[in-house]
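Each chain, written out:
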Amino acid sequence: MLDRELDKEIEASSFCIYGAGIVAASIYTAIKELYHKSPLFFLVSDFGGRGGTLGEDEKQPPELDGIAVKTLSAWREQLQSRARTGASDIPHPPDTDGAGIPGFYLIAVPEVHHQDIMDTLLTLGFPKIEASQVICVTNALENALMEKYYSSRQDCLTVQSLLSSVRMPETGDRKGIGSGHVESKDSQIAWHDRSRPSVQIFQVKSHKDKPLHFLLPYQRRANRGYLCPIQAGAALTTQVIAGIQDDMGENISVKNRNYCELTASYYVWKNSHADYKGICHYRRIFDLDEEQMQMLLAGEKAGDWDVILPYPSVYYPNLASEHSRYVSESDWQAMLRALEETAPDYYEAYKELVAVGERRFYNFNMLIAKAPVFDDYCAFLFRVLERTESYVTPKAHERADRFAGYLGENLTTLYFLKNRSDLKCAYAGKIWLT
C-alpha cells in the first residue's frame, strides 16, 4: 500500500522533487497521473553524480516535461535575490519566476544517495528546511507508487494484480518451481524432475563486484532460493566465484567488457533448457519472494503471463534522445544501421514508436520469461548486436566501454514494445541492492 503520509502530503502541500533522472521522472509521472499534481520544480546538485541525481556522464536537463530543473546553487541565489528585493514572502505557491518555497521535498534518486542529500538539504540554512519536510522515496515506496500507477492503466498488467486473485494450492499439492537442482557437467546443465516446470533465474555476478552494503530491510529480502548465481566474464579471469560460468558451452564470455550482463544472457539462451528462463543482477533483483514465484511459475496463474519485466522507467520528452545518456551518436547510428539490415520490421517499429512519442523504457536487461519468448528475444538481440559490432568505431575488440550493454537496454525495450500486443507482459518491482 502506498505510504499514507505521502498521500496526505501530496494532497495538502506544494512540493519539489530532488532528482531529474530515471527515478525522479518515473515518480513524477505517477504522481501527475494519480494525483493530478506537479512539483514546483526539480532540484539537483551542482555537479550531478553521487549525492545528486545525474550520472557522471549525463548532462543536466534545463527542464523536465516543461518544469524547470534547478541546481541547488542557482535556486538559493534566486531566493536570496528575491530576499534582497523584499519579494520572498510567498511561502508555498509558485511565483511567476518559479521561485516558490516547497512545502516538502521528495528525494527521488537511488536509495544509496538519500542520506547525503538529506544532510545537504537540512544544512542549507537558507531556506531553512526541517527533517519533517523531507520524504525519501525508498525502494519499497518507489515500488508501491509504480504498482499503483501501472495497475491503474488499462494497457498494463502487473504481477501484483495477478497474484491478488491467486488461490494457493494446498500444502500437499505444492511441488515447488523446479529450480535449484542444477549441476554443471562437461559444460552442460543437467535438469532434474521433469514432472514439474523447470526454471532457471540467474543472478549475474562478476569477480570485479564490490561488496554489498545492505540497506535494511533488503538484506533478508535479497536471499532468494530460486536465484542461481552465474559468473559473467569468466573467460577474462582465473577467479571462480560461482558454480556456473558464462564461458561454459556455447558462449561469448570474452566480450563481457562490452556486453556486461548480456554475456550471461547469451549463455542462458544457448545452454539452458529450462521451461522458464530469467536474468537479474547482483545489485538488482526482482521483488518477488519464493511463494510468489511458485504461484507464478507452477500455480494457477502460470499461463496468464509470458514475461516479467521491471516497472518501466519514463523518459522525457520521449525515447528519441534516451540513448544519448550513455551511447555515442556514432554507436547509435551503427546500431540503427544494423537494425535496419538484420531486423527491418523492428527498425520500422522503432521509427513508429519514436514518432508517437513513446516514453516507456525497460532498464537493466532484466527479465523472466517462458523459454520460447526468452529465446526469441535473445535471437533478435544478439543478431543486431553482432552486426553492430562490425560498424562501430573504434572496433569492438579495441574498446571496453560497455557500449553493447547500453545498446542492449534499448533493444530490449524495442523488442517488448513492438511485441506487447502479442505477449502478456507483467510488470514487477525490483530490489536495488547497494
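Residues numbered from 1 in each chain as written. Predicted model: local features only at pLDDT ≥ 70, side-chain atom pairs only at ≥ 80, totals over all residues. Heavy atoms only, no water.

A. Geometry of the overall build of the chain. Broken down by element type, the chain carries 14 helices and 20 strands. Per-residue burial over the chain gives 56% buried out of 434 residues. Counted over contacts in the chain with a minimum sequence separation of 6, partners at least 24 positions apart contribute 76%. Within the structure as shown, the chain displays about 19200 Å² of accessible surface, and the carbon and sulfur contribution to it stands at 49%. (Helix = DSSP H or I, 4+ residues; strand = E, 2+ residues; numbered from the N terminus. Buried < 20%, exposed > 50% of the residue type's maximum accessible area, 1.4 Å probe, protein only. Contact = heavy atoms within 4.5 Å. Areas by Shrake-Rupley, 256 points an atom, 1.4 Å probe, with all protein chains shown as cover.)

B. Structural context of the packing of aromatic side chains. Inspection of every chain in the model, using the stated rule, returns 25 aromatic pairs. Measuring from centroid to centroid gives 5.4 Å for tyrosine 266 and tryptophan 269, while their planes differ by 85°, and the two rings are edge-to-face. Residue tyrosine 266 and its partner tryptophan 269 are both found in helix H9 (residues 262-271); the two are separated by three residues, about one turn of the helix. When its relative accessible area of 12% is taken as the criterion, tyrosine 266 is described as buried. Chaining the aromatic ring pairs together yields one cluster made of Tyr346, Phe374, Tyr377, Phe380, Tyr415 and Phe416. (Phe/Tyr/Trp six-rings, centres within 6.5 Å; stacked < 30°, edge-to-face > 60°.)

C. Structural detail: the side chain of serine 265. In this structure, serine 265 sits in helix H9. For serine 265, a relative accessible area of 1% puts it in the buried group. Those residues within four positions of serine 265 in sequence are excluded, and the remaining contacts are Ile279, Phe374, Cys378 and Phe382.

D. The sheet that holds strand S15 (residues 307-310), seen in detail. Read from one edge of the open sheet, eight strands run S7-S19-S15-S18-S13-S10-S11-S12, paired in mixed fashion. What marks the edges here is a single partner per strand, and that holds for strand S7 (157-158) and strand S12 (244-245). (Pairing = 2+ DSSP bridges.)

E. View of the pairing of strand S19 (residues 425-428). Neither face of S19 is left uncovered, since the one carrying Cys425 and Tyr427 and the one carrying Ala426 and Ala428 both have all their residues buried. Note that S15 and S19 share four bridges and pair parallel. Among the inter-strand pairings, isoleucine 308 is bridged to a residue of S19, identified as alanine 426.

F. Fine view of the sheet that holds strand S2 (residues 42-44). Strands sit in the order S3-S4-S2-S1-S5-S6 across an open sheet of six strands; the sheet is mixed. Edge positions in the open sheet fall to strand S3 (63-64) and strand S6 (134-136), since each of these has one partner strand only. In the sheet, S3 pairs with strand S4 (residues 67-71) via two bridges, with the strands oriented antiparallel. Paired with leucine 64 across the bridge in S4 is isoleucine 67.

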